[in-house]
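Structural overview
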Amino acid sequence: MESTLKRRLQECAAQYNTTEFIKGDPCQFPHRFKRKQDIEISGFLASWISYGRREQIISKCEIAHRLIGHEPYEFIQNAPASFIEIKQLAEQGGTRNTFYRFYTYEDLYQLLCRLYKIYDKYESMEDAVIAADESNIVRKVSLLFEGIKGIPSNNGNSAHKRIAMFLRWMVRQDHIVDLGIWEKAASPKDLIIPLDTHVLKSSMKLGLTTRKDASWKTAREITEALSEVFPDDPCLGDFALFGMGINDSYRIK
């Protein structure tokens, strides 16, 4: 990789990996909490919802967090009594059953039930992930939530974008935007870039990948390229690719 491109990636990552980034991003929700389990639950729920425009995602995350209250861990632990309102919404059917995009309230209910099972068995989601029978950290989380709508199967070639984003929040250790509360399940160098169409477009322009599909293989290829710039923390490059996607002055001609 050319030194000019490396320098610009480093500059753009520094520009966007700041606390100012938080207020316009779904990561603002887990930042509202201090307890590990609350952060995990809030973060996973926010990442699960993260389809579409950021304004719509944040609006729907606000609704979801009003449903689970100010202490997500207690809400999960107190099931099934705490799930009554969401269960009623799930049973109503019709158009009111829609929660967000292709998710229904039944899908939300099933996700919360899965979280209940996880915390009923493990002290934290990190502990559950460590115990999962997969070698890759992204696929470990996917296995833990297998069968939940919106969670890709490990048998396909999905980039697992939302899971990769959740793991960036949990694992990266600079404690600026990402919270870095997981220290046992993985290290930052184990992460995979959260790949969507915008990141793919920026990566192709910069020559980080020759692939044109937002797939697992493409995410791995881009992550490997970013490892040349950020050897122990390739997902720091996620901030650079975000910035380059919206800032013409950082586009490499």
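Anything mentioned here points back to the structure above.
Residues numbered from 1 in each chain as written. Predicted model: local features only at pLDDT ≥ 70, side-chain atom pairs only at ≥ 80, totals over all residues. Heavy atoms only, no water.

**Quick notes on the environment of I58**
Stated formally: A run of H or I in DSSP becomes a helix once it reaches four residues, and a run of E becomes a strand once it reaches two; helices and strands are each numbered from the N terminus. Note on classification: 1.4 Å probe, protein chains only; a residue is buried when its accessible area is under 20% of the maximum for its type, exposed when over 50%, partly exposed between these limits. For this analysis, residues touch if any pair of their heavy atoms sits within 4.5 Å.
In this structure, I58 sits in helix α3 (residues 54-68). The class for I58 is buried, based on a relative accessible area of 16%. Note: C-alpha distance between I58 and R168 (110 residues apart in sequence) is 18 Å. In this view, I58 contacts G24, D25, P26, Q28 and F29; residues no more than four positions away in its chain are not counted.

**Description of the pattern of salt bridges**
Heads up, the condition is: Throughout this description, the term salt bridge denotes a Lys or Arg side-chain nitrogen within 4 Å of a carboxyl oxygen of Asp or Glu.
Counted under the stated rule, the structure contains 17 salt bridges. Where D25 meets R54, a salt bridge forms, and the shortest distance between an N and an O atom there is 3.2 Å. Of this pair, D25 sits in the loop between α1 (3-16) and α2 (36-49) while R54 is found in helix α3, placing the two residues 29 residues apart along the sequence. Looking at R54, the relative accessible area reads 29%, which means it is partly exposed. Here R211 and D213 are joined by a salt bridge, their closest N and O atoms 3.2 Å apart. The class of R211 is partly exposed, set by a relative accessible area of 26%. Residue D213 is classed as partly exposed on the basis of its relative accessible area of 31%. Within the structure, one salt-bridge network assembled from shared partners comprises R168, R172, D174, D178, D233 and D238.

**Observations regarding the environment of D38**
By secondary structure assignment, the location of D38 is in helix α2. A C-alpha to C-alpha distance of 5.3 Å links D38 and Y73, two positions 35 residues apart in sequence. Among residues more than four places away in sequence, those in contact with D38 are F33, E71, P72 and Y73.

**A few points about helix α9 (residues 161-171)**
In terms of burial, α9 is largely enclosed, as 11 of its 11 residues are buried. The set of residues buried in α9 consists of K161, R162, I163, A164, M165, F166, L167, R168, W169, M170 and V171.

**Topic: the packing of aromatic side chains**
Defined as follows: Ring geometry is summarised as follows: Phe, Tyr and Trp rings, the Trp one being its six-membered ring, pair when their centres sit within 6.5 Å, and such pairs are stacked at plane angles under 30 degrees, edge-to-face over 60 and tilted between the two.
Scanning the model with the defined rule gives 15 aromatic pairs in all. On the numbers, 5.4 Å between centres and 75° between planes, the contact of F21 with F239 is edge-to-face. Highlighted residues: F21 in the loop between α1 and α2 and F239 in helix α12 (residues 237-246), separated in sequence by 218 residues. Across the pair, exposure class does not vary: F21 and F239 are buried alike. For the pair F44 and F145, a centre-to-centre distance of 3.9 Å together with 15° between the ring planes defines the contact as stacked. Separated by 101 residues along the polypeptide, F44 in helix α2 and F145 in the loop between α8 (137-144) and α9 bring together distant segments of the chain. In this structure F44 comes out as buried when scored by relative accessible area, which is 1%. Under the relative-accessibility criterion, F145 is labelled buried at 0%.

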